[in-house]
Amino acid sequence: MLSSCGGGDGTPTPTPTPTPTPGGLFTAPAQESLTAADVQKVIAQAAAEAQARNLPANIAVVDRVGNVLAVFVMNGANPRLSVPRPPDNGTLDLQGVDVPGAVAGAIAKAITGAYLSSSGNAFSTRTASQIVQQHFPPAPSTIGLESGPLFGVQFSQLPCSDLSARFLPGGGTGALIGPKRSPLGLSADSGGFPLYKNGVVVGGIGIMADGVYGFDPNILDVDSDAEEFIALAGSNGFAAPEDIRANRITVDGTSLRFTDALDSGLSSTPASAPGFAAINGVIGALTSVNGYYDAAGGVLAGTAYGTEASGVRRASAAEFVNSDAFILTDGAGVNRYPIRGGTDAGAVATPLTAVEVRIILEEAFAVLSRARAQIRRPLDSRMQATVSIVDTRGEVLGIVRSPDAPIFGTDVALQKARTAAFFTNAAAGAQLLADPSADVQGFVGKARAFFKDPTALTGQFALSDRGNGNVSRPYFPDGEVGRPNGPFSRPIQSFNPFSTGLQSALIVNNVLTHVGFILGANPDTPQRCAAIPDVVPGQNRLENGIQIFPGSVPIYRGNTLIGGIGVSGDGIDQDDMVSFLGLHNGGQRAGGLGNAPMAVRSDRIEVDLGNAKVRLRYVSCPFAPFLDTAQQNVCQGL
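Please read these numbers as outputs of a predicted model, since none were measured by experiment.

Draft legend 1. Region of the structure containing the side chain of Ser-388. Turning to its location among the elements, Ser-388 is positioned in strand β12 (residues 386–390). Given a relative accessible area of 0%, Ser-388 falls into the buried group. In contact with Ser-388, not counting residues within four places along its chain, are Gly-398, Ile-399, Thr-410, Ala-413, Leu-414, Ala-417, Gly-564, Ile-565 and Gly-566.

Draft legend 2. Seen up close, the confidence of the model for the protein chain. The share of residues in the protein chain with pLDDT of 70 or more is 97%, and the mean pLDDT across the chain is 95. At the level of individual helices and strands, the protein chain shows its lowest average pLDDT in strand β7 (residues 250–251), which scores 93, and its highest in strand β1 (residues 58–63), which scores 99.

Draft legend 3. Inspection of the packing of aromatic side chains at higher detail. A full pass over the atoms with the stated rule returns 13 aromatic pairs. Here Phe-193 and Phe-258 contribute two aromatic rings whose centre-to-centre distance is 5.4 Å and whose plane-to-plane angle is 35°, an arrangement assigned as tilted. Here Phe-193 is found in strand β5 (residues 192–197), whereas its partner Phe-258 is found in the loop between β8 (254–255) and α5 (276–279), with 65 residues between them in sequence. The buried category is assigned to Phe-193, whose relative accessible area is 2%.

Draft legend 4. Fine view of the sheet that holds strand β2 (residues 68–74). The five strands lie next to each other as β5-β6-β1-β2-β9, forming an open sheet whose pairing is antiparallel. Either end of the sheet is taken by a strand with one partner, and the two such strands are β5 and β9 (284–286). Recorded for the sheet is a direction-independent mean angle of 20° between the axes of neighbouring strands. In this sheet, β2 lies alongside β1 in antiparallel orientation, the contact comprising five bridges. Across the sheet, the residue bridging to Ala-60 is Val-71, located in β2. Helix α2 (residues 102–115) contacts β1, β2, β5 and β6 (200–208) of the sheet and is inclined by roughly 155° relative to β6. Contacts from helix α4 (residues 226–234) reach β5 and β6, with the element oriented near 145° to β6.

Draft legend 5. Expanded view of empty space enclosed by the protein. What the rule picks out here adds up to six cavities of 30 Å³ or more. Lining the largest cavity are 15 residues, and of these Leu-81, Val-83, Val-97, Leu-184 and Val-515 sit closest to its centre. In terms of residue count, helix α12 (residues 508–518) provides more of the lining of the largest cavity than any other element does, four residues in total. Among the residues forming the lining of the largest cavity, the class breakdown is 14 nonpolar, one polar and no charged. Here the second largest cavity defines a volume of roughly 90 Å³. Lining the second largest cavity, in full, are Leu-94, Val-132, Gln-154, Phe-155, Leu-184, Leu-186, Ser-187, Ala-188, Tyr-213, Pro-497 and Phe-498.

Draft legend 6. Molecular detail of the nonpolar core. Formed by 140 residues in total, the largest nonpolar core has its most connected members in Ile-59, Leu-432 and Leu-506. Ranked by residues supplied to this core, first place goes to α2 with 10 residues. Not counting the four nearest positions on each side in its chain, Ile-59 is found in contact with Ile-43, Ala-46, Ala-47, Ala-70, Val-71, Phe-72, Met-74, Ile-205, Gly-206 and Ile-207. With 44 residues, the next largest nonpolar core counts Ala-325, Ile-339, Ile-389 and Ile-565 among its residues.

Draft legend 7. Helix α9 (residues 438–451), seen in detail. The terminal C-alpha atoms of α9, which comprises 14 residues, lie 21 Å apart, in line with the 20 Å expected from a rise of 1.5 Å per residue. Every buried residue of α9 is accounted for by Val-440, Phe-443, Val-444, Ala-447 and Phe-450. Down the axis of α9, the buried set is contained in an arc of 140°. They therefore lie on one face. Residues of α9 that are exposed and point more than 90 degrees away from the buried face comprise Ala-438 and Ala-449. Elements that come into contact with the buried residues of α9 comprise α8 (428–433), α11 (502–505) and β16 (606–608). The N-terminus of α9 is capped by Ser-437, whose side-chain oxygen sits 3.2 Å from the backbone nitrogen of Asp-439. Looking at the residues trailing α9, positive phi occurs at Lys-452, about 55°.

Parameters and conventions
Residues numbered from 1 in each chain as written. Predicted model: local features only at pLDDT ≥ 70, side-chain atom pairs only at ≥ 80, totals over all residues. Heavy atoms only, no water. Helix = DSSP H or I, 4+ residues; strand = E, 2+ residues; numbered from the N terminus. Buried < 20%, exposed > 50% of the residue type's maximum accessible area, 1.4 Å probe, protein only. Contact = heavy atoms within 4.5 Å. pLDDT = per-residue confidence, 0-100. Phe/Tyr/Trp six-rings, centres within 6.5 Å; stacked < 30°, edge-to-face > 60°. Pairing = 2+ DSSP bridges. Axes fitted to C-alpha atoms, helices over the stretch in contact; angles between N-to-C directions. 1 Å grid on protein atoms, 1.4 Å probe; cavity = no way out; pocket = protein on both sides within 12 Å on 5 of 7 lines; lining within 4 Å. Points joined across faces, edges and corners; volume = space filled by probe spheres on them. Nonpolar A, V, L, I, M, F, W, Y, C, P; charged D, E, K, R; others polar. Core = buried A, V, L, I, M, F, W, Y, C linked by side-chain atoms within 4.5 Å. Expected span 1.5 Å × (residues − 1). Arc of directions from axis to C-beta. Polar contact = N/O pair within 3.5 Å; in protein donor to acceptor, adjacent residues only side chain to side chain.

See the structure below:
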């Protein structure tokens, strides 16, 4: 019922030793950025629309890598941030949170617009709402359809992430590197748009004004959302090109949604808005936000993506062989995640070597470079994404990305790699049981009861993120109304995007602690998500949380787990293919390693539902994915 192209009983198809694809296939985006005057114009236009609607707003503007350039709070703006409750009116995880944190919501919306977008696609927070809910597309009439393709992505870019950089109030070298963290992860509340200059994404704008930080459960109607109109006015002159907006992109035959707000519905004329100097200190003021922005520095200029200062730049020949690859840097020229061997000697007989990591990354990047994109315009564009490799302790062994990959995929690729390695590890169950949260501990028993296997989560099976995602949905099988929830999910009556299950339970205390920090009530959360025990001091397997949509597989040497690879930035089937096929090709070239043996892959797990037996999936690759060949079923039999 849920088959996978990664399994089956067929004989593996022999594959010749591949050669990495040469560079020069991608064009890096121009190094555009917002000036301080640009940011002031965005704020002034948004404020004019808010005034015209008599709805004072909290306005945030960020650059492409997440630096907060300004937070402007209008006089009388609602400071509240109220999160909806689920159908059973529960308060699990972030459901029902109600705090004076509107500025945090505005920042999260701005970051979402910037991070989900690129020169090939423009997504808004309304787009995010469409792709993270329990049915896709979300509507009363779509009950019975599978969940959104990026179900769970809202719990990325977390304030506790070890990958995400933090605001340095004193400035200096490295102060502007990204990706920066988001105070609330990614947002599904309308009122967040990307900002563009000359076709290049340069940042985002986020608006909080009504006090409700929610999502849109019905895509079939057209909302008249004041926050979205205020953000639309602010983006005037910096709007996303029409041809790359979400409504020009389809997933499974469904057009995505970019905005319900149109220029014709504006209550003001943005081009005629008073200048920033005329409103600052009059109708509102720049406002400091702990951990994100110091108003004493005034309105800031954005940092151009692709420069050393931005923390994301082209790799040198010594750093990575393919000249198209970009890496994360510290702002002073040093690769933050240089390629290295595994740190788990002693726990693993033969850990990944630096040479093997480099080969796998090269081969994954080669697959990525040949692949047809799912979410980019024009059609037949090349896929763009980030690739991460970790060892069995979750330690980063290397990260590379294509030039214009969306920023969100950087943190997500690492989450995916860690998720595959963690849930395949023999210690997974024990580590979850050692978490201080009884809620987290309870998911182990739920999984063992669901699988009717008291030894589940002790390493017998290789769990890809697609397989893990199958059991992280509020219906199993995904979308089938009347079925039980997966063991890592909440029951449907207790579910909404602010409480997905184990994923959110692992990090809820980190987020709440961080919100308290923003409000000045307590110290900040550490750069480590989840409270499972360290493997050894300073090494934790889930330092930026877990992810529950496809794009990762564990790495094996024979029958032994030695790491994980994660890919994110495009369609989920494309992400699956790059991780699975990239690892396979790397194993063919390096020898001695590769994908999990077929007999232990998650698509061999059969769940007995009483009146039906359902298998999990392992990977699902696009049918004819490459731009340079008509080859089909590229993952079959491997």
